[in-house]
Amino acid sequence: MHTPIIAANWKMHKTVSEAVDFISGLKKEEATFSDRRVIVAPPFTALRPAADALSGSSIGLAAQNMSYAESGAFTGEVSAGMITDAGCTYVIIGHSERRHLFGETNEQINKKLVLAFKEGLKPIFCIGETLQEREADETISLIRQQITEGLINISAGDIDSLIIAYEPVWAIGTGRTATPEQAEEVHRVIKETVQEISDKGGTPTVPVIYGGSVNEQTIESLMNQDNIDGVLVGGASLKLESFLNIIRFRASVLPEGE
Ligand code: PGA
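Counting restarts for each chain: residues are numbered from 1 in the order of the written sequence. Per-residue local features of the predicted model are confined to residues with pLDDT of at least 70, and side-chain atom pairs are confined, for both listing and counting, to 80 or more; whole-chain, interface and lining totals are unaffected and use all residues. Computation of side-chain values: all heavy atoms of the structure, hydrogens and water removed.

**Structural notes on the overall build of the protein**
Under the DSSP-based scheme used, a helix requires at least four consecutive residues in state H or I and a strand at least two consecutive residues in state E, with every element numbered from the N terminus. The secondary structure content of the protein amounts to eleven helices and eight strands. Taking 18 Å as the expected radius of gyration for a compact globule of 258 residues, we find that the protein reaches 17 Å, a close match to that expectation. A principal-axis box enclosing the C-alpha atoms of the protein has dimensions of 45 × 45 × 35 Å. Classification of the 258 residues of the protein by burial places 52% in the buried group. Between the two quantities, the radius of gyration covers C-alpha atoms and the globule rule is 2.2 Å times the number of residues to the power 0.38. Here the term buried applies to any residue with accessible area under 20% of the maximum for its type, exposed to any over 50%, and partly exposed to those in between, with areas from a 1.4 Å probe on protein chains only.

**What to know about the sheet that holds strand 4 (residues 90-93)**
Spatially, the eight strands close up into a barrel ordered 1-2-3-4-5-6-7-8, and their pairing is parallel. The average angle at which neighbouring strand axes cross in this sheet is 25°, direction not considered. Inspection of the sheet shows strand 1 (residues 5-9) paired to strand 8 (residues 230-233) by four bridges, in the parallel sense. Note on strand 8: the bridge partner recorded for A7 is L232. Throughout, a residue-residue contact means that at least one pair of heavy atoms, one from each residue, lies within 4.5 Å. Fitted lines through C-alpha atoms serve as axes, helices being fitted only where they are in contact, and the angles separating the N-to-C directions of these axes extend from 0 to 180 degrees. Docked against the sheet, helix 7 (residues 139-150) engages strand 5 (122-127) and strand 6 (163-166), running at close to 150° with respect to strand 5. Along the sheet face, helix 11 (residues 240-247) touches strand 1, strand 2 (37-41) and strand 8 and points at about 160° away from the line of strand 1. Should DSSP find at least two bridges between two strands, the strands are taken to pair.

**Some thoughts on the pattern of salt bridges**
A side chain with one charge may pair with a side chain of the opposite charge, provided their charged atoms come close. Salt bridge, as used here: a side-chain nitrogen of Lys or Arg that lies within 4 Å of a carboxyl oxygen of Asp or Glu. Applying the stated criterion across every chain, the model contains ten salt bridges. R98 serves as the salt-bridge partner of E104, at 3.1 Å between the closest nitrogen and oxygen. In this structure, E196 engages R144 in a salt bridge whose closest nitrogen and oxygen atoms are separated by 2.9 Å. Pair noted here: E196 is in helix 9 (residues 180-197) and R144 is in helix 7, with a separation of 52 residues, a long-range link. You can call E196 partly exposed: its relative accessible area is 48%. Put simply, R98, E104 and K112 are held in one network by salt bridges that share partners.

**Considerations on the site of the ligand**
A single heavy atom is enough: if one lies within 4 Å of a molecule or strand, its residue is considered near that molecule or strand. Neighbouring residues of the ligand: 13 residues in total, closest K11, H95, E167, G173 and S213. Polar contacts, as used here, are pairs of N or O atoms within 3.5 Å; protein pairs need one atom able to donate a hydrogen and one able to accept it. Residues neighboring in sequence count only if both atoms are side-chain atoms. Here an oxygen atom of the ligand and a backbone polar atom of S213 are 2.7 Å apart. One of the backbone nitrogen or oxygen atoms of G235 is found 2.9 Å away from an oxygen atom of the ligand. Exposure was quantified through the Shrake-Rupley algorithm and a 1.4 Å probe, taking into account, for residues, occlusion by the shown protein chains and nothing else. Summarising the interface, the protein chains cover 95% of the accessible area of the ligand, which totals 280 Å² for the free molecule.

**What about the confidence of the model for the protein?**
Segments scoring low in pLDDT should not have their predicted coordinates read at a detailed level. The predictor rates its confidence in each residue with pLDDT, a number between 0 and 100. For the protein, per-residue confidence averages 94 on the pLDDT scale, and 96% of positions sit at 70 or higher. A low-confidence stretch, residues 252-258 stays under pLDDT 50, and its non-local contacts, those more than four residues away or across chains, total six contacts.

**Topic: unusual backbone geometry**
The phi dihedral of K11 is positive, around 50°, even though this residue is not glycine. Within the secondary structure, K11 is located in the loop between strand 1 and helix 1 (16-28). Phi at N153 takes a positive value of approximately 65°, unusual for a residue other than glycine. Position of N153 among the secondary structure elements: in the loop between helix 7 and helix 8 (156-159).

**What about the nonpolar core?**
Of all hydrophobic cores here, the largest spans 65 residues; its most connected members are L26, V40 and I190. Considering each element in turn, this core owes the most residues, five residues, to helix 5 (residues 106-118). Sequence-distant contacts of L26, that is, excluding residues within four places in its chain, are made with F33, V38, V40, I59, L240, F243, L244 and I247. Buried Ala, Val, Leu, Ile, Met, Phe, Trp, Tyr and Cys residues that are joined via side-chain atoms within 4.5 Å together make up what is termed a nonpolar core. Counting residues in each nonpolar core, the second largest holds 13 residues, with I39, Y90, I124 and I209 among its members.

**What to know about the packing of helix 5 against helix 7**
In the contact formed by helix 5 and helix 7, the axes pass within 8 Å of each other and the chain directions differ by 45°. Classified by the interaxial angle, the pair formed by helix 5 and helix 7 is oblique. Judged by the sense of rotation from one axis to the other, the crossing of helix 5 with helix 7 is right-handed. Only Q145, Q146, E149 and G150 of helix 7 make contact with helix 5, whose side of the interface consists of N106, N110 and L113. All residues other than Ala, Val, Leu, Ile, Met, Phe, Trp, Tyr, Cys, Pro, Asp, Glu, Lys and Arg, Gly among them, are scored as polar; the first ten of these are nonpolar and the last four charged. Here the contact of helix 5 with helix 7 is built from residues that sort into one nonpolar, five polar and one charged. Working definition: roughly parallel below 35 degrees, roughly antiparallel above 145 degrees, roughly perpendicular at 65 to 115 degrees, and oblique for all remaining angles. What makes a crossing left-handed is the near helix being turned counterclockwise from the far one by less than a right angle; a clockwise turn instead makes it right-handed.

Given below as structure tokens:
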């Protein structure tokens, strides 16, 4: 059983002051979610101010992307070293918007993962099928391919600090969440595949989180599944109140007064 991971992907939303205000509000409530691993992923421009606002807190900071190159003449790109320098511990890699809108390939994503680990970052590695692939019954083979090609040359030790996000492309920003059972089935395959690659045997340990139209209404039934270890939330993470309600799913289990 993993500590539930609740991550906010703000995509191309929030100015510096909006990000800092949100984080200040989130920090004030931190005592009410000490049994959750909460991560926020602001846009690049707000990373350093967000890191400063998070000081003294255990809320994690993630970048939404990074370059597949270490440094050099790559106008407009941001390196793993730069996001670490800006105060990030995590980085989202291979988000479906990067794959589909910006043409990122499994090969480029693999290079990013290698560099992220080299830099000591914890990647949130995103995978998921399109509606067309699901309807053609290709979900499982596609997922297995994204994992095996994404994790080439990644050591079993590094895989220990990996988080995988299963985000079916047809569920992102569409209001159409995968059913908890659909997500659970894929999460199980993901864990088994990662276990095979890291040649470990035994019970799979990689945390797998679900993303795609998660909200206050769907969080509890998703988190009731054995193999869903958390969520990556886009739209519903933009307002503090709704993100807090997601973080505090099943809040009744928390001690009184917290
Ligand atoms: P959504 O985005 O919650 O708005 O569907 C999730 C994501 O893309 O990470």
